[in-house]
Amino acid sequence: MEDSRTENTYLIMPKHINGYGRLFGGILMQWIDEVAGTVARRHAGSIVTTACVDNLNFKAGAYLGNTVVLIGKMTYVGRTSMEVRVDTYVEDMDGTRRIINRAYEVLVAIDQNDNKLEVPGLAVETESEKAEWIGGEKRYALRKQRRKEGY
């Protein structure tokens, strides 16, 4: 899992701010999707597409001039789909990071004709990685149940 780790950094500029003086949520969602897509593309070695945003929790705001760091990593893989966790932090001048968002996205590997492709397995080594994998299995089962219920 750790090999999939991808980090992007952004400086919040006026174009990123909403009417309330905070980072616009839609901008952050775009950045999350970009990081998740990079993680999944590297893992699959193919084109990927976002299937769903499974969970997106805004914990705190970010403001003009803040440095925002997004860290994505693979948490679970199925036959053709991959779950990626993206944590977003505000980084202070001294390097201290405070989490402001956590998101889980599911992406699917596809070929040039939009046919699903099988993805490689995922090496799960540490206890925290095992816990993340178990969480991924649970989220997968919940997504499957929601589809059956028409969501």
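Criteria and thresholds
Residues numbered from 1 in each chain as written. Predicted model: local features only at pLDDT ≥ 70, side-chain atom pairs only at ≥ 80, totals over all residues. Heavy atoms only, no water. Pairing = 2+ DSSP bridges. Helix = DSSP H or I, 4+ residues; strand = E, 2+ residues; numbered from the N terminus. Axes fitted to C-alpha atoms, helices over the stretch in contact; angles between N-to-C directions. Contact = heavy atoms within 4.5 Å. Buried < 20%, exposed > 50% of the residue type's maximum accessible area, 1.4 Å probe, protein only. Phe/Tyr/Trp six-rings, centres within 6.5 Å; stacked < 30°, edge-to-face > 60°.

What about the sheet that holds strand β3 (residues 67–77)?
Item 1. Pairing in this open sheet of five strands is antiparallel, and the strands run β1-β3-β4-β5-β2 from one edge to the other. Whereas interior strands pair on both sides, the edge strands pair on one side only; in this sheet they are β1 (6–11) and β2 (47–58). Averaged over all pairs of adjacent strands, the angle between strand axes in this sheet comes to 25°, irrespective of strand direction.
Item 2. Pairing of β1 with β3, which is carried by six bridges, proceeds in the antiparallel orientation. Bridged to glutamate 7 within β3 is isoleucine 71.
Item 3. Packed onto the sheet, helix α1 (residues 25–44) meets β1, β2, β3, β4 (81–91) and β5 (97–110) and runs at close to 45° relative to β3.
Item 4. Helix-sheet contacts for helix α2 (residues 127–148) involve β2, β3, β4 and β5, and the interaxial angle to β3 is about 80°.

Some points on the side chain of arginine 143
Item 1. Inspection of the secondary structure puts arginine 143 in helix α2.
Item 2. For arginine 143, a relative accessible area of 7% puts it in the buried group.
Item 3. Discounting chain neighbours no more than four positions away, the residues touching arginine 143 are Cys52, Asp54, Glu83, Val106 and Gly136.

Points about the packing of aromatic side chains
Item 1. With the rule as written, the count across this model stands at three aromatic pairs.
Item 2. Aromatic pair tyrosine 76 and tryptophan 133: ring centres 4.5 Å apart, planes at 50°, arrangement tilted. With a gap of 57 residues between them, tyrosine 76 in strand β3 and tryptophan 133 in helix α2 connect regions that are remote in the sequence.
Item 3. Connected via pairs of aromatic rings, a cluster forms that spans Tyr76, Trp133 and Tyr140.

Some words on the pairing of β4
Item 1. By the criterion of burial, β4 is predominantly enclosed, with 10 of the 11 residues buried.
Item 2. Of the pairings in the sheet, the one linking β3 to β4 comprises 10 bridges and is antiparallel in character. Bridge pairing in β4 links valine 68 to valine 90.
Item 3. Here β3 hands over to β4 after three residues, the two strands then running antiparallel side by side.

Quick look at the environment of alanine 51
Item 1. Relative to the elements of secondary structure, alanine 51 occurs in strand β2.
Item 2. Given a relative accessible area of 49%, alanine 51 falls into the partly exposed group.
Item 3. Along the backbone, alanine 51 and glutamate 7 are 44 residues apart, and their C-alpha atoms lie at a distance of 21 Å.
Item 4. With near-sequence residues (within four places) excluded, alanine 51 lies in contact with Val106, Leu107 and Val108.

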